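# Examination of the molecular architecture
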Amino acid sequence: MQVTTKAIVLSALKYGDTSLIVKIYTASDGLKSYLLKGVLASKKGKLKTAYFQPLMQLELVAYHKNKGTLETVREAKPSYHYQSLHTNIAKNALTFFLAEMLSNSIQEEEDNDNLFEFLEASLQWLDSHDEISNFHLYFLMVLTKYFGFYPDISESKAPYFDLQEGAFSYSLSLNPIVLGENLYYFKQFLGINFDAISAIKMSKRQRQELLKSIILYYELHLHGFRKPKSLAILNEVFS
């Protein structure tokens, strides 16, 4: 079946000398993997290697067999032209990190319009703003809504947040928890929008501690989730 759809690139892996296997989140069918034969060798083809950088927003014309095998891309072109996402050093580090987080988190081969629109709008915001040091923290917190484990804030005045239960608590348990200064910043990212994130003032250490808690939250709630390898690079760039 031929499909025309918007899509966001999550990862690209070299296959042989001239081909790529790319994992792409599509608006039409959710997560899909494609084999791009000869794309690394072709200079004149409709598929350009540059289109398959992490988090590129594309319009694809693809063939979907929907049999769990690698699919085929016939045509691809950018649906949104980034101005700084892949050229600004800090944004590029964020891009690789978030692409890996999404690649490790999204597993559904079905459409989710709300998730796709959130990703699309968020990445365009990141591309067009300069105050972005808190972007990934807020982005990952909001993303939990679409995966079904956004924090239960009904007891948000409680002194602990239980990462296993996904809720605030007045008592300690054996579960991993967020408390103290880390909890203060955790709460700051709940119930705001992107334009408010620059008002949250944090040191590099505070950011790294909160990010550690958020990644653990993902590990506890998403089956098969792997901690991103690009985390070390992100910490280095934002240190």
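Being a predicted model, the structure only gives us computed values, none of them experimental.

Right, let's get into the overall build of the chain. Tallying secondary structure elements over the chain gives six helices and eight strands in all. Reading the secondary structure of the chain in the N-to-C direction produces β-β-β-β-β-α-α-α-β-β-β-α-α-α. Against the globule reference of 18 Å for 239 residues, the chain gives a C-alpha radius of gyration of 19 Å, in line with a compact fold. Seen through its principal axes, the chain has C-alpha atoms that stretch 60 × 35 × 30 Å. Looking at the 239 residues of the chain, the share that counts as buried comes to 48%. Within the chain, contacts between residues separated by at least 24 positions form 60% of all contacts whose residues are at least 6 apart in sequence. Summed over its atoms, the accessible surface of the chain is roughly 12200 Å², and 50% of this surface lies on carbon and sulfur atoms. In the chain, 25 side chains carry a positive charge and 25 a negative one; their mean positions are 8 Å apart.

What follows deals with the domain arrangement of the chain. Split by domain assignment, the chain resolves into domain 1 (2-78) and domain 2 (89-238). Using C-alpha coordinates to define each centre, domain 1 is positioned 27 Å away from domain 2. Considering only the side of domain 1, the residues that lose the most area to domain 2 are Tyr 25, Leu 55 and Gln 57, jointly responsible for 37% of the buried surface there. There are two salt bridges connecting domain 1 and domain 2. Linking Lys 6 and Glu 120 is a salt bridge whose minimum nitrogen-to-oxygen distance equals 3.1 Å. At the junction of domain 1 and domain 2, the tally comes to eight residue pairs in polar contact (both at pLDDT 80 or more). Secondary-structure elements contributing two or more residues to the side of domain 1 that touches domain 2 are β1 (2-15), β2 (19-26) and β3 (30-36). Ranked by residue count, the leading element in the side of domain 1 that touches domain 2 is β1, at five residues. Here the side of domain 1 that touches domain 2 is composed, by residue class, of eight nonpolar, five polar and four charged.

It is worth spelling out the UniProt feature "domain: DNA replication/recombination mediator RecO N-terminal" (unreviewed entry) in the chain at this point. Feature annotation in UniProt places "domain: DNA replication/recombination mediator RecO N-terminal" (unreviewed entry) on residues 1-78, given in this structure's numbering. Overall, residues 1-78 shows 0% helix and 55% strand. The separation of its end C-alpha atoms is 22 Å.

Ranked by internal contacts, the top residues of the largest apolar core, which has 75 residues, are Phe 52, Leu 119, Phe 135, Phe 139, Leu 140, Leu 143 and Tyr 218. Sorting elements by how many residues they give to this core places helix α3 (residues 135-147) first, with nine residues. A domain split of this core shows at least three residues from each of domain 1 (2-78) and domain 2 (89-238). Every residue in contact with Phe 52, bar those within four places of it in the chain, is listed here: Val 9, Ala 12, Val 22, Ile 24, Leu 36, Leu 47, Leu 58 and Ala 76.

Here is what the cut-offs are and how they apply
- Residues numbered from 1 in each chain as written.
- Predicted model: local features only at pLDDT ≥ 70, side-chain atom pairs only at ≥ 80, totals over all residues.
- Heavy atoms only, no water.
- Helix = DSSP H or I, 4+ residues; strand = E, 2+ residues; numbered from the N terminus.
- Rg over C-alpha atoms; globule rule 2.2 N^0.38 Å.
- Buried < 20%, exposed > 50% of the residue type's maximum accessible area, 1.4 Å probe, protein only.
- Contact = heavy atoms within 4.5 Å.
- Areas by Shrake-Rupley, 256 points an atom, 1.4 Å probe, with all protein chains shown as cover.
- Lys, Arg positive; Asp, Glu negative; His and termini not counted.
- Charge placed at Lys NZ, Arg CZ, Asp CG, Glu CD.
- Domains from an automatic or database assignment.
- Buried area = accessible area lost by both parts, 1.4 Å probe.
- Salt bridge = Lys/Arg side-chain N within 4 Å of Asp/Glu carboxyl O.
- Polar contact = N/O pair within 3.5 Å; in protein donor to acceptor, adjacent residues only side chain to side chain.
- Nonpolar A, V, L, I, M, F, W, Y, C, P; charged D, E, K, R; others polar.
- UniProt positions renumbered as here; feature names shortened; annotations may be inferred.
- Core = buried A, V, L, I, M, F, W, Y, C linked by side-chain atoms within 4.5 Å.

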